[in-house]
Structure formats: structure tokens, C-alpha cells
Amino acid sequence: MNTPLANMLRYNRWATMTLLEACRSLTDEQLDARLPACSGPVRELLVHLVGGQQTFALRTQGRQHEGELSRASDWPGFDELLRLARQSSDELVAIAEALEVDADVGLPFAGKTYRFPRSFFLTHAVEHGVEHRTEVKVTLASIGIVTPDLDAWQWAAAEGFGREMG
């Protein structure tokens, strides 16, 4: 069992779910807010964030493009987005937990197959999540919306880490 890697994916799950729950009460105007320096409006970024998790889970098996969400997907609503976020997050955690040997995965693209270590897709899932959650938080802060603190210290407290030793 790869507990350290699984913990990184557990943090990723917590941060994504926390942000999605915090965004649930946003208006359509707020969900459509966009900063020029960010890669899309809030609504699109949230869909892309969850779709990315679905894609990374598939890629650990050498698969992709099997109906996962993308930037071009219709807005599924918060209930469905949260369901898909939890499902894909749980899949990523389970993949990390089971990763004892970092085998290569062949990923087909444009008629060729490319070799990646399975852990790369898990690493990419964590990085991708941080990048796009940050874009959402910056965009919302620019229009006066207070966003949750997604620092890992907050996750540690939620998990009960950091208790005094005695």
C-alpha cells in the first residue's frame, strides 16, 4: 500500500470537495466570472477540474476519452458535479493505495502509444487540482467572494493530524 501517495490524493479530494461545496451558493453571474489571467470562467474551471480527475483515473489504465467531463461539457449542476468529484477522487485514492510497483502505462494518442509511469497520472491529478482550484479562488476573490482556506494545514486538522504527542 502506498499510504504517502494516497494521502496526497486524499488531500486533493478534500480540497476539491471543500471548494465545490463553497461554490454551491454562487449565482450564475459569479459562476460565469472570468479573469484574463485564468484559463476559463469559474463554472468551466470546476467542470474541467472534475473531468480532469476522471481522465487521470482512466489514464492510469491506459485509457481516456470515455465520456469524462471536459471544458466543453454542459454544466451538470452541483449535485452531479459533487457526485462525480467524489467518485473520481475515491478512484484516484484507491489507485494510489494499490500502487506498490510503479509499472509503466501505454497511453494512446494520435495513432501512437506513449509510455508513462502510472504514478505520473496521480502526480498530475494533484498538480492539476491545485492549479485550477487556485484559479477559481483568485477569480472569486477578485469579485469579493470569500473562499475556503485549502491549505494542507486545514486538511490536516480535519483529518486529526498534528495532535500533541504526550
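Just so it is clear, the structure is predicted and the values come from calculations on it, not from any experiment.

Calculation criteria
Residues numbered from 1 in each chain as written. Predicted model: local features only at pLDDT ≥ 70, side-chain atom pairs only at ≥ 80, totals over all residues. Heavy atoms only, no water. Helix = DSSP H or I, 4+ residues; strand = E, 2+ residues; numbered from the N terminus. Buried < 20%, exposed > 50% of the residue type's maximum accessible area, 1.4 Å probe, protein only. Contact = heavy atoms within 4.5 Å. Salt bridge = Lys/Arg side-chain N within 4 Å of Asp/Glu carboxyl O. Pairing = 2+ DSSP bridges.

Caption draft 1: Broad picture of the environment of Leu-122. Examined against the element boundaries, Leu-122 turns out to sit in helix α5 (residues 118-142). Overall, the relative accessible area of 0% leaves Leu-122 in the buried class. Sequence-distant contacts of Leu-122, defined by excluding residues within four places in its chain, comprise Leu-5, Leu-9, Thr-60, Leu-92, Ile-95, Ala-96 and Leu-99.

Caption draft 2: Broad picture of the pattern of salt bridges. One pass over the full model with this rule turns up 10 salt bridges. With its nearest N and O atoms 2.7 Å apart, the salt bridge here joins Arg-13 to Asp-90. Residue Arg-13 is found in helix α1 (residues 3-23), and its partner Asp-90 is found in helix α4 (residues 78-98); the two are separated by 77 residues along the sequence. Look at Asp-90 and you get partly exposed, because its relative accessible area is 32%. Across the pair Arg-43 and Asp-28 runs a salt bridge whose closest N-O atoms are separated by 3.3 Å. Of this pair, Arg-43 sits in helix α3 (residues 42-59) while Asp-28 sits in helix α2 (residues 28-31), placing them 15 residues apart in sequence. Through salt bridges that share partners, Glu-21, Arg-24 and Asp-79 make up one connected network.

Caption draft 3: Representation of the pairing of strand β1 (residues 104-109) in the model. Taken together, the six bridges between β1 and strand β2 (residues 112-117) define a ladder with antiparallel strand orientation. The residue of β2 that forms the bridge with Val-105 is Phe-116. Two successive antiparallel strands, β1 and β2, enclose a turn made up of two residues, where Ala-110 displays a positive phi of approximately 50 degrees.

Such coordinate-based values are descriptive only and should not be taken to indicate function.
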